Amino acid sequence: VTPNGDADVARARSGDQAAFGRLVERRWTRLVRLARSIVGDLDAEDVAQDACLACWRKLSQLADPARFDSWLMRIVFTRAVRRARWQRLRSAFVVRSFISWDPASAGLDRG
Amino acid sequence: MHQPHDFDDVFCNWAGRPPATSATDAARAVVARLQAAGGRRQAAVRLSPAWATLLAAVLLLVAGTASFIRSLPPVAGLRTGVATGLGVPNAAAALGAPLKTGGPTMVPARDADVVLWLDEGTPVYVFLPGDGQAMR
C-alpha cells in the first residue's frame, strides 16, 4: 500500500488496467474540471481522457507513487494548455481565412 | 458591467459543474482505449513479415539502381589529357584565363584516373591523364 493509501497505483504500475480504471474513476471529476477551466467545455473530457492514456504510458516514470495525484493533474494541465494553444492557432487561422475570403471569387456575389 | 468577484463566482460555478460523462463510464472508456492500443501493438507484430518484405524490396531496388548506374558507359566528350570545365559559373572564365605561371601546368597524375583542379573549393578543371601526368 502506498503512503497515500492507494494500492491501485502500485497495481497499475505493475500493468493492472482495471486498477488504473479505478484510479481514473475516482479522479475523473477533478480532471475534467481542471481541463475545462483551460480548454472549455467542448474539449475538456477529451483532454482528460488523452491525459489518462498518456499517464498510463508514462506510469513507469513515476518516481514517487505517493505523488500520483499531482503527477496526473500536471499531465492534464500540460495537455490542456497544449490543446488550448492549438485551439487559439486554429481560430486565428479561421478568422484570417474568413477575412481574406472573397465572395465574388466564390460565385456568391449575386447582388 | 461585470465585477471581478462576479466573474470568479461564475467561473467557479461553470468550471465546477460535474462532467457530462460519469466517472464510471469514463474509466470504462479509458480502459477500453488501453486495451485497443494493446491490440494495435499485437496487430503490428503480426504485420512484421510484411514490413520485412517491404524492406527487402527497397534494398533490392537500391542495389539494382546502383548496379545499373555502375554499368553505364563513361560520359562522352571527355578525352584523355583534355581540360574540361565542369559547368560551374566560375569554371568557364577560369578555363579561358591564362595561368599566372605563364607556361603549361604539369600535374603529377601517377595512376589516377581523374585529376580535379580546385580553386578555393570551386572545381575549375578536370584532367584526364594519359601517361602518368596531366597537362593543361
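Our subject is the structure listed above.
In this report, the structure presented in the accompanying data block is examined. Note that this is a predicted model, so its numbers are computed, not measured. (Residues numbered from 1 in each chain as written. Chains lettered and ligands numbered in written order. Predicted model: local features only at pLDDT ≥ 70, side-chain atom pairs only at ≥ 80, totals over all residues. Heavy atoms only, no water.)

Another point: the overall build of chain B. When its secondary structure is counted, chain B shows four helices and four strands. Tracing chain B from N to C terminus, the helices and strands come up as α-α-α-α-β-β-β-β. Within chain B, the proportion of its 136 residues that are buried is 15%. Residue pairs in contact within chain B that sit at least 24 positions apart in sequence constitute 58% of those at least 6 positions apart. Only carbon and sulfur atoms are counted for the fraction: they give 64% of the accessible area of chain B, which is about 10,400 Å². (Helix = DSSP H or I, 4+ residues; strand = E, 2+ residues; numbered from the N terminus. Buried < 20%, exposed > 50% of the residue type's maximum accessible area, 1.4 Å probe, protein only. Contact = heavy atoms within 4.5 Å. Areas by Shrake-Rupley, 256 points an atom, 1.4 Å probe, with all protein chains shown as cover.)

A word on the state of the cysteines. By definition, a disulfide is the covalent link that joins the sulfur atoms of two cysteine residues. Residue and element names in this part refer to chain A. In total, this model carries zero disulfides over all chains according to the counting rule given. Considering cysteine sulfurs only, Cys 55 is the nearest to Cys 52, which forms no disulfide, with 6.7 Å between them. Look at Cys 52 and you get buried, because its relative accessible area is 0%. With a relative accessible area of 0%, Cys 55 lands in the buried category. (Disulfide = S-S within 2.5 Å.)

In this section: a nonpolar patch on the surface. All names here are of chain B. A surface patch of nonpolar side chains, amounting to about 420 Å² of accessible area, comprises Trp 51, Leu 54, Val 58 and Val 62. Of note, Leu 54 is situated in helix α3 (residues 48-71). You can call Leu 54 partly exposed: its relative accessible area is 47%. (Patch = residues over 30% accessible without salt bridge, like charges linked within 9 Å, V, L, I, M, F, W, Y side chains within 5 Å. Salt bridge = Lys/Arg side-chain N within 4 Å of Asp/Glu carboxyl O.)

Residue and element names in this part refer to chain A. On the surface, Arg 57, Lys 58, Arg 82, Arg 85 and Arg 88 cluster together into a patch of positive charge. When residues in the positive patch are grouped by element, the largest group, three residues, is from helix α4 (residues 68-99). Examined against the element boundaries, Arg 82 turns out to sit in helix α4. (Lys, Arg positive; Asp, Glu negative; His and termini not counted. Charge placed at Lys NZ, Arg CZ, Asp CG, Glu CD.)

Okay, the interface of chain B and chain A next. How big an interface is tends to be stated in terms of accessible area lost as the parts join. Listed per partner, the contact involves 20 residues of chain B and 19 residues of chain A. Together chain B and chain A conceal approximately 1,800 Å² of surface at their shared face, both sides included; 60% is due to carbon and sulfur atoms. Across the chain B-chain A interface, the total number found is two salt bridges. For B:Arg17, the salt bridge goes to A:Asp41, with nearest N and O atoms at 2.8 Å. Summed over the shared surface of chain B and chain A, the result is eight residue pairs in polar contact (both at pLDDT 80 or more). Among the elements of the structure, α1 (4-15) and α2 (23-46) of chain B are those that each provide at least two residues to the side of chain B that touches chain A. It is α2(B) that provides the largest number of residues to the side of chain B that touches chain A, a total of 10 residues. Tallied by class, residues from the side of chain B that touches chain A come to 13 nonpolar, five polar and two charged. (Buried area = accessible area lost by both parts, 1.4 Å probe. Polar contact = N/O pair within 3.5 Å; in protein donor to acceptor, adjacent residues only side chain to side chain. Nonpolar A, V, L, I, M, F, W, Y, C, P; charged D, E, K, R; others polar.)

Here the focus is the side chain of A:Gln49. Take A:Gln49: it is sitting in helix α3 (residues 41-57). For A:Gln49, a relative accessible area of 17% puts it in the buried group. Separated by 2.7 Å, the side chains of A:Gln49 and B:Arg33 make a polar contact. If sequence neighbours within four positions are ignored, A:Gln49 has contacts with A:Trp28, B:Ala29, B:Val30 and B:Arg33.

Time to look at the pattern of salt bridges. Under the definition given, this model contains 12 salt bridges over all chains. For A:Arg26, the salt bridge identified is with A:Asp8, shortest N-O distance 3.1 Å. Placement of A:Arg26 in helix α2 (residues 17-39) and of A:Asp8 in helix α1 (residues 7-13) is noted, with a sequence separation of 18 residues between them. A:Asp69 is paired through a salt bridge with A:Arg27; the nearest N and O atoms lie 2.3 Å apart. Of the two residues, A:Asp69 is situated in helix α4 and A:Arg27 in helix α2; the sequence distance between them amounts to 42 residues. According to the relative accessible area criterion, A:Asp69 is partly exposed, its value standing at 25%. A single salt-bridge network, built from bridges that share partners, covers A:Asp43, A:Asp46, A:Asp50, A:Arg83 and B:Arg33.

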